[in-house]
Amino acid sequence: YRQVYPEYLPRPDWSSRDKLLEKMARRDMNNRRAVMNIPEFYVGSILAVTIGDEFAPMKVNRFVGICIERGGHMLYHWFILRNVVDGSGVEMKYELYNPLIQKIEVLKLEKRLDDNLTYLRDCPAEYSTFPFNLDAVPLPKGMTVPVNPLKVKLNPPPWLERWERMELKGVENNTRKLTKKQQIRAELSKKPWEKHDLMLQYRGSINEVEKDQIMREIYHENLRKEKKKKVKKFES
Amino acid sequence: NFSTTAPLFELRLLSRVNVVDNSKIGRTAAATGRPVKIIHVYNKTGVAKLGDKVLVAIEREKRKGYIVGCKQKQNPMVPKFDANNIVLIDDGGLPLGTRIKVPVPSALRKRATPEFLKVLSLAPRFI
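Parameters at a glance
Residues numbered from 1 in each chain as written. Chains lettered and ligands numbered in written order. Predicted model: local features only at pLDDT ≥ 70, side-chain atom pairs only at ≥ 80, totals over all residues. Heavy atoms only, no water. Pairing = 2+ DSSP bridges. Helix = DSSP H or I, 4+ residues; strand = E, 2+ residues; numbered from the N terminus. Axes fitted to C-alpha atoms, helices over the stretch in contact; angles between N-to-C directions. Contact = heavy atoms within 4.5 Å. Patch = residues over 30% accessible without salt bridge, like charges linked within 9 Å, V, L, I, M, F, W, Y side chains within 5 Å. Areas by Shrake-Rupley, 256 points an atom, 1.4 Å probe, with all protein chains shown as cover. Salt bridge = Lys/Arg side-chain N within 4 Å of Asp/Glu carboxyl O. Buried < 20%, exposed > 50% of the residue type's maximum accessible area, 1.4 Å probe, protein only. Phe/Tyr/Trp six-rings, centres within 6.5 Å; stacked < 30°, edge-to-face > 60°. Lys NZ or Arg CZ within 6 Å of the ring centre and 35° of its normal. Buried area = accessible area lost by both parts, 1.4 Å probe. Polar contact = N/O pair within 3.5 Å; in protein donor to acceptor, adjacent residues only side chain to side chain.

Draft legend 1. Spatial organisation of the sheet that holds strand β1 (residues 16-19) of chain B. Residues and elements named next belong to chain B. The mixed closed barrel is built from five strands, whose spatial order is β1-β2-β3-β4-β6. Going across the sheet, the axis of each strand differs from the next one's by a mean of 55°, ignoring polarity. Note that strand β4 (residues 61-69) and strand β6 (residues 85-89) share five bridges and pair antiparallel. The partner of Y66 across the bridge, within β6, is V87. Across the sheet, helix α1 (residues 24-32) touches β1, β2 (36-41), β3 (53-58), β4 and β6, and the angle it forms with β3 is around 55°.

Draft legend 2. Spatial organisation of a nonpolar patch on the surface. A cluster of nonpolar side chains, namely Y1(A), Y219(A) and L223(A), defines an oily patch on the protein surface of about 300 Å² accessible area. By the secondary structure assignment, Y219(A) is in helix α4 (residues 208-235).

Draft legend 3. Structural view of the side chain of Q72(B). Residues and elements named next belong to chain B. Position of Q72 among the secondary structure elements: in the loop between β4 and β5 (80-81). Among the residues examined, Q72 registers a relative accessible area of 12% and is labelled buried. For Q72, the residues in contact, after removing those within four places along its chain, are L8, F9, E10, K49 and K80.

Draft legend 4. Structural detail: the packing of aromatic side chains. All names here are of chain A. Across all of its chains, the model carries nine aromatic pairs over all chains by this definition. Geometrically, the ring pair formed by Y5 and Y8 is edge-to-face, given 5.8 Å between the ring centres and 85° between the ring planes. Y8 shares its class with Y5; the two are buried. Here a set of aromatic residues connected by ring pairs shows up, and it is made of Y1, Y5, Y8 and Y219. For K111, the ring lying beneath its charged end belongs to Y42, and the centroid distance is 4.7 Å.

Draft legend 5. Main features of the interface of chain B and chain A. Facing the 17 residues of chain B at the interface are 24 residues of chain A. In this assembly, chain B packs against chain A so that about 1,800 Å² is buried in total across both faces, 57% of it on carbon and sulfur atoms. The largest per-residue losses of area from chain B upon contact with chain A belong to M77(B), D82(B) and I127(B), which jointly make up 35% of the total buried on that side. Note that K80(B) and E91(A) form a salt bridge whose closest N and O atoms lie 3.7 Å from each other. Counting across the chain B and chain A interface gives seven residue pairs in polar contact (both at pLDDT 80 or more).

Remember, this is a structural readout, not a statement about activity or role.
Here you go:
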């Protein structure tokens, strides 16, 4: 549940948190989900998003792409889709609870070795091209989400970010020839103690008890929706 | 010692730009590899954004153009491209090429100036 609904967790801001505001936001999120189906997806899944566009001939505009990043909390949760269209790389940022979004379809539900695929910007175009008429490949029910063990090759440097300093599991041969000065600076910038820092992890996350409460709320909300559906079916 | 900002990918004076239509001058610039640089932005601020008109130095000539794709971070629902794309126009406002190769942001259709609409009519698809 925590992986399927990650946006329900509020911002771990220890100085100021308005619990009433969070409850109201969660209520709004549930109302939106009652109207439009927001599917489960992860970074690395291929999505198709149709938005209402006043200037389009059919009043809707559809974009297909691989989800490279997810961020934001509660109602402001966003995700970025990347695709290479007609030879030019395009990235579209969408807010999950934006009422202009008509439909979100998951064409291929899968995960990748990394939580963040922004390094695809520095990769050859084949790794980011997905045809717009891609057919949805539904996963059989009860199956765990597959992890695509693809290891991507980066373009020769210069890069947009210092990929050699980050531990990217989804990148093949994440080494790069550095000058002596760069090597020294890279060594100095490493923080190997951070993964052992429990207080840092605690401060950057929500209390386990609260997480449990929120997920239970979602579970009960889903049960309520299923009951309503059954009643409707029985009535009709 | 001097301070730097985060990479903003702004289009300003002397920023290189990618010509995206099939005009003759655009094709020769791409073939020879001579960079196409902005020399003036028709804007109150010196920063050119999506849909702004710019004056560009290309093949030892001065041409005007419209920005049709930006590397800069955009608002949600507005596409961000991997290259800064530009479509060239002449002084009269007519586009120099007859076709655009890349997709064009749908949000640009909000700008209703007749000159810009002539450029948008060449777009193969709106993203």
